[in-house]
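If you want the building blocks of each chain, they are given just below.
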Amino acid sequence: MTRYLLGRAAQSVLAVFGVMAIVFVVMRLSGDPTLLLVPEGATREQVDALRAQLGFDRPIPVQFADYLWTLCRLDLGESVVQRLPVWRIVAERIPYTGWLASTALAISVGIGIPVGVATAVWRGTLVERALMPLVLVGQSMPTFWSGILLIMLFGVGLGWLPTSGADEWRSVVMPAIALGGLSMATFARITRTSVMEELGKDYVRAIRAKGVARPVVVLRHVLRNGAIPIVTIAALEIANLLAGAVIVETVFAWPGMGQLAVQSIQARDFMVVQAIVLLVSIAYVLLNFVADILYGAIDPRIRLRGGPR
Amino acid sequence: MRFLRSALAAPGAAAVAPFAVLLLLFALVALLAPWIAPLDPARQSLLARLRPPGTTMGAATFWLGTDELGRDLLSRILHGARASLAVALLSVAVSGTLGTLLGVVAGYRRGWVEVAIMRAVDVMLSIPAILLAIITVAVLGPGFLNLVLVLGFTRWPRYTRVAYAQTLGQAGLPYVTAARLAGARAPRLLLRHVLPNIAAPLVVVATLEFGLMILFEAGLSFLGLGIQPPMASWGSIMSTGRNYVGTAWWIATFPGICLFLLVLSVNICGDHLRDRFDPRAALR
Amino acid sequence: MHRNGIFAGALAVALATAGVAFAQQKDVLSVDLPGQPATLDPHIQWDTDSYHVYRNIFDNLVTRDASGKIVPQVASAWTYRSPTEIEFTIRSDIRFHDGTPLTPEDVVFSVRRITDPAFRSPQLSQFDSIREARVVGPDKVLLVTARPYPVLLAQLVKLSIVPKAHVERVGPEKFNLEPMGSGPYRFASWQRGVRVTLEANDAYWRGKPSIRGVTFQNVADEATRIANLKSGRADVTRAISPDQAQALKSEARLKLLPAATERIGYLFVNAQWGPTADVRVRRAIAHALDRKLIVDALYGGFGTPVDVVLTPANFGYATGIPSYPFDPAKARALIKEAGAEGAEIPFTTSPAYDQRLVQALQQMLQEVGLKVAIRMTDHPTFLKRRQGNPDEAGSISTGLWSCGCQDADGVINPLFRTGSAWAKYSNPRFDALIDAARATIDEKERLAHYADALRILHEDVPGVGMFQYHAIYAARRELQWQPTAGESFHVFDMKWQN
């Protein structure tokens, strides 16, 4: 097992390095921020001078080596647009993304799992027929559309919730609902499948034959046994939430990392983009790692063969 | 064929049928758009901007109203079906083919080929899809073809994972050993024997990816990176219509409804297929 | 009284109290900006949203009044000692927010700071004509330019004066995070990505500001900015598009504040590559554009059609230059004559430009027989191509140009002079005229040169002037303010009507 873990750790480091290299090269290929920084009337000579000052005229391998060297010194570099250390810029955004993602996760888990259980237990009844459409809607609506509709309805029309920004606790409600919609559907479906599978197993029939009531069966036995796949998916869904946050943060002017990422890519603020990609890919790799371990725990065949890959 | 018949015979097929019909309808509309659209979708009329549904000007009736440049919304939506469906279909085709191929090869060959491919899968899955799409479009530029390429080359790992696991499962089975002993060479073996047996879960993945690709295209168009005007896609129409929700609500609403119905139908049919063929695919 | 951004984030989460929307308190003005300020240090960016914020924290050397005339601010008077030397008299009653007086040393420090190449200021290009700056008296500063530079004063309208002692003591990073100037508002806090808060400086030398505080929020989405205005979260916002402006006209509690700016909406036409290298094709393009329809139908009247690549707000603008009236028949004839029917015209553009205009222009040009292909890329790529070789720049593209100097020198020089990155055109006579206009400080001479230069541009058509851009602000009805052509945002000039 230890050898497997070490091997996966080494592979994860390689994966992150691969991601960094790809993003680095791809971004450099698309130009540099100098033209965006200067006033329109700057001459070619002035632009070239600033470019040289900022170091963007060096060959890409040289820039990459320089970047790796700054990383080794645990320095994330300086933003060329904001002229501040990148760690400071990114660190300010992390609480907001965390707040949004965790609220969205709470909503999607808090609604998704009960819905999934209900549609599995009361399969074929009115309950399922009423709830499944809700799940499907969550899966089928583009987040930016649901976002704007929510703003129009609850923000402008009814005035219950703030139309944008992140000032108060109420600000997170609409973005979290918009973001959590797709995840909620996924959780509901996974839970439903998992519970349905458990309910069909022999031990359930045995317990029911002993006379234990249905709700007890569901809560104490089925959920406990069926939890592993749900937790596995949860790890991956967190990753998806981080990704989906990009659009939601733009629509709701939410000052998180997704919004920072889009703005930095558009401004070619390389250092910030690279730092965000580094953080997110580390998070992804860790979450994938966790999911794989849990997955291996479900299916012994995979574990015995030395891992899912 | 076998596949289709078992899909149709499954319980619950009756409930799914209307959505399957809806899907076929969308496909038909997309194919026949140039012939059934009442007006030229690219024809602007600066004096007929932002008119509500049902407006008639001169000889033309704008059944669903006009957009911010005076173009007929109905015609644009009909043509938009082509773009949205084409992007989704082509990107699924590209990523599905590439992903399946790599997964099957990795599962069959094992060794360093397997390690290399699955590590590549790791790397690809470590980058948030939307960030990768934005960065790639920054280099390649937006547009239909580049969008298909971007989506096609970022989604293949999903197929690879499934194809790999499935191939691993199949490789140990007697029929494979028998075929090999009979002298079948690897490509023939994989194509004619293994592939049909692992097709079902892959089709399930493809169906769900199809719905996701439609949403992705809409999302990328929202960020200005998708289909470019004057070509229309539902996502790009909604992207501009978003600014007019308070005033010219029809621009974003009608394509939104179509988009929603299309993705809904795809998801329902995909669910049905999944329930029928591979209930445990939900766990991956 | 500043809050570190990181703690402010946690604070925002912890504070569950706020239920009162900021806008209810009339004391504090709530402003929604489309982008966040890149920096608040006035010297290290060139960015409208940063300018909107920091201009209230700092005073500039000179400024413009409501009519656009350059008037004193930090400098109370100036005289030309020679065509290359200006002597400024600095006011003695200005204090920075920490109480220290603003002296000529601070002015010289600010000039040197921004012109130092090692400082890497993106604004360097606007001030690099200044060869030397020195204190020449207890209240006098002398600026020396390498050559006579008539636009210097216009550029100095953008130079903010920073406190030398303070900047040297705290260093550039801290000064960027917590700027300190001498302006009507002092910096209070900055939650990056969210909001900047300023408080009134009651010791301000021009008087006590009537609005007691300002917050600037970053709201990228126009629909959300409008929703904020309607719900009362914001009191004033900018960058309203014409279509939304039409809808806002009917809102009882809000009003529109349009301002004709120095921004020129023009169409660049490539004179060195492709079908547009033929001057007849370029003239045909000029005839094919219906400026009045564009302004009336696309911009809802928020715009002024112009015939030259300059606005009336720019020094050097001239009426009476011949123009190309809207005449599609003539355009078709010219294209036929040039043998360019069906010629492919790449139209390069980026999301930074109004795509409705791009598509409307495409249709107008297709109607006279040209085949226009829109090539959309993102903005950095667009800039690279547009400023690259003639064959990369496409045949046409739109532009909304402003030099921030309200002078022709900042517009037609970079756009059309031989050797400029933006120019895909070369005419030595034109070059000579604008070089002469730059070499003298005599205004009458300059106007004459520019009139001749505009005539040459009319003949050669390397660009077609379309309209003067009107910036549209929206605010609560009770806010009294008139935005200016220079697109500045002086909260000091605003007040609440009773």
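What counts, and at which threshold
- In every chain, residue numbers begin from 1 and rise along the written sequence.
- Chains carry letters and ligands carry numbers; both start at the beginning, A for chains and 1 for ligands, and go up in the order they are written.
- Totals for whole chains, interfaces and linings use every residue, but because this is a predicted model, local features are given only for residues with pLDDT of at least 70 and side-chain atom pairs only at 80 or more, for both listing and counting.
- Put simply, DSSP H or I for four residues or longer makes a helix, DSSP E for two residues or longer makes a strand, and each gets a number counted from the N terminus.
- Each residue is classed by its C-beta neighbour count within 10 Å, where at least 20 other C-beta atoms makes it buried, 12 or fewer makes it exposed, and intermediate counts make it partly exposed; the C-beta atoms are placed from backbone geometry.
- In this description, a residue-residue contact is defined by the distance between C-beta atoms placed from the backbone, which must lie within 7 Å.
- Charged residues are taken to be Asp, Glu, Lys and Arg, nonpolar residues to be Ala, Val, Leu, Ile, Met, Phe, Trp, Tyr, Cys and Pro, and polar residues to be all remaining types, Gly included.
- Here an angle of 0 to 180 degrees is reported between the N-to-C directions of two axes, which are lines fitted to C-alpha atoms, with helices fitted over the stretch in contact.
- When describing relative orientation, an angle under 35 degrees is termed roughly parallel and one over 145 degrees roughly antiparallel, while 65 to 115 degrees is termed roughly perpendicular and anything else oblique.
- We call a crossing left-handed when the near helix sits turned anticlockwise from the far one by less than a right angle, and right-handed when that turn is clockwise.
- A strand pair is defined by DSSP finding two or more bridges across the two strands.
- For every residue, the predictor reports its confidence as pLDDT, a number between 0 and 100.
- By this rule, a helix spans an expected 1.5 Å times one less than how many residues it contains.
- The nonpolar core criterion groups buried Ala, Val, Leu, Ile, Met, Phe, Trp, Tyr and Cys residues into a set whenever they are joined through C-beta atoms within 7 Å.

1. Here we look at the overall build of chain C
- Scanning chain C from terminus to terminus reveals 16 helices and 19 strands.
- Its C-alpha atoms give chain C principal-axis dimensions of about 70 × 55 × 40 Å.
- Taken across its 498 residues, chain C has 55% of its residues classed as buried.
- Put simply, of all contacts in chain C between residues at least 6 apart along the chain, 70% involve residues at least 24 apart.

2. A short note on the overall build of chain A
- Across its full length, chain A carries 13 helices and zero strands.
- Counting from the amino terminus, chain A carries its helices and strands in the arrangement α-α-α-α-α-α-α-α-α-α-α-α-α.
- By residue count, 50% of the 309 residues in chain A fall in the buried class.
- If you take every contact in chain A between residues at least 6 apart in sequence, the share linking residues at least 24 apart comes to 71%.

3. A few points about the interface of chain C and chain A
- Across the boundary between the two partners, chain C contributes 50 residues, which contact 49 residues of chain A.
- The set of elements that each furnish at least two residues to the side of chain C that touches chain A consists of α1 (5-14), α4 (124-127), α6 (164-177), β10 (213-218), α7 (222-231) and α13 (379-386) of chain C.
- Classifying every residue of the side of chain C that touches chain A by side-chain character gives 23 nonpolar, 19 polar and eight charged.

4. Some points on the environment of Ile412(C)
Residue and element names in this part refer to chain C.
- Following the sequence through the fold, Ile412 ends up in helix α14 (residues 412-416).
- You can call Ile412 buried: it has 30 C-beta atoms within 10 Å.
- Separated by 41 residues in sequence, Ile412 and Ala453 have C-alpha atoms that sit 9.0 Å apart.

5. Quick look at the interface of chain A and chain B
- At the junction of the two partners, chain A supplies 39 residues and chain B supplies 34 residues.
- If you list the elements that add at least two residues to the side of chain A that touches chain B, you get α1 (2-29), α6 (126-140), α7 (143-157), α8 (173-199), α10 (214-252), α11 (257-266) and α12 (270-298) of chain A.
- Of all the elements, α1(A) adds the most residues to the side of chain A that touches chain B, at 10 residues.
- Class assignment for the residues of the side of chain A that touches chain B results in 28 nonpolar, eight polar and three charged.

6. Quick notes on the packing of α11(A) against helix α5 (residues 129-140) of chain B
- Running from N to C, α11(A) and α5(B) cross one another at 10°; their axes reach a closest spacing of 10 Å. Considering the angle they form, α11(A) stands roughly parallel to α5(B). From α11(A), Ala261(A), Val262(A) and Ile265(A) reach across to α5(B), where they touch Leu131(B), Ile134(B), Ile135(B) and Ala138(B).
- A breakdown of the residues in the contact of α11(A) with α5(B) according to their chemical character gives seven nonpolar, no polar and no charged.

7. Considering unusual backbone geometry
Residue and element names in this part refer to chain A.
- Phi at Arg268 is positive, roughly 55°, even though this residue is not glycine.
- Inspection of the secondary structure puts Arg268 in the loop between α11 and α12.
- Arg268 gets classed as buried once you count the C-beta atoms within 10 Å, which come to 26.

8. Observations concerning the environment of Leu69(B)
- With respect to the helices, strands and loops of the structure, Leu69(B) is situated in the loop between β2 (60-62) and α3 (73-109).
- Separated by 55 residues in the primary sequence, Leu69(B) and Ala14(B) have C-alpha atoms spaced 43 Å apart.
- Look past the residues within four positions of Leu69(B) in its chain and what remains in contact with it is Gln44(B), Arg49(B), Arg356(C), Gln359(C) and Ala360(C).

9. With respect to the packing of α5(B) against helix α6 (residues 144-171) of chain B
All names here are of chain B.
- Relative to each other, α5 and α6 sit at 140°, their axes nearing to 10 Å. The angle between the axes of α5 and α6 places the two elements in the oblique class. Classified by chirality, the crossing of α6 by α5 is right-handed. Each of Ala129, Leu132, Ala133, Thr136, Val137 and Leu140 in α5 lies in contact with α6, whose residues at this interface are Asn146, Val150 and Thr154.
- Of the residues contributing to the contact of α5 with α6, the split by class is six nonpolar, three polar and no charged.

10. Let's talk about the pairing of strand β6 (residues 130-137) of chain C
All names here are of chain C.
- Two strands pair when backbone bridges link them, and β6 and strand β7 (residues 140-145) are joined in this way by six bridges, in the antiparallel orientation. Within β7, the residue paired with Glu132 across the bridge is Val144.
- Counting the residues that bridge the hairpin from β6 to β7 gives two residues.

11. A few points about the confidence of the model for chain A
Residue and element names in this part refer to chain A.
- Model confidence for chain A is summarised by a mean pLDDT of 81, while 94% of its residues fall at 70 or above.
- Per-element mean pLDDT across chain A ranges from 51 in helix α13 (residues 300-304) up to 90 in helix α4 (residues 60-72).
- Contacts from residues 305-309, a stretch scored under 50 in pLDDT, to residues over four places away or in other chains number nine contacts.

12. Some remarks on α6(A)
- Look at α6(A): 22 Å from first C-alpha to last across 15 residues, which is about the 21 Å you get at 1.5 Å a residue.
- Those residues of α6(A) that fall on the buried side of the exposure criterion are Val135(A), Leu136(A), Gly138(A), Gln139(A) and Ser140(A).

13. Side note on the sheet that holds strand β5 (residues 85-90) of chain C
Residues and elements named next belong to chain C.
- Reading across from one edge, β4-β5-β7-β6 is the order of the four strands in this open sheet, with antiparallel pairing throughout. Of all the strands in the sheet, the pair left with one neighbour each is β4 (75-82) and β6. Pairs of neighbouring strands in the sheet enclose a mean axial angle of 20°, with direction left out of account.
- The sheet strands contacting helix α3 (residues 104-115) are β5, β6 and β7, and the helix crosses β6 at an angle near 170°.

14. A short note on the environment of Thr304(C)
All names here are of chain C.
- Position of Thr304 among the secondary structure elements: in strand β13 (residues 303-305).
- Overall, Thr304 belongs to the partly exposed group, with 17 C-beta atoms counted inside 10 Å.
- For the pair Thr304 and Lys26, spaced 278 residues apart in the sequence, the C-alpha separation amounts to 35 Å.

15. With respect to the pairing of β4(C)
Residues and elements named next belong to chain C.
- Here six bridges tie β4 to β5, and the two strands are oriented antiparallel to one another. Residue pairing for β5: Ser82 is matched across the bridge by Glu85.
- Hairpin geometry of β4 and β5 is characterised by an intervening segment of two residues between the two adjacent antiparallel strands.

16. Structural notes on the nonpolar core
- Within the largest apolar cluster, 311 residues are counted, with the highest numbers of intra-cluster contacts made by Leu100(A), Ile276(A), Ile134(B) and Ile412(C).
- With residues near it in sequence (within four places) discarded, Ile276(A) still touches Val90(A), Met257(A), Leu260(A) and Ala261(A).

17. Some thoughts on the confidence of the model for chain C
All names here are of chain C.
- Of all residues in chain C, 95% attain a pLDDT of 70 or more, and the chain-wide mean is 90.
- The weakest mean pLDDT in chain C belongs to α1 at 44; the strongest belongs to helix α9 (residues 279-288) at 96.
- Across the interface, the model reports ipTM at 0.78; the global pTM reads 0.83.

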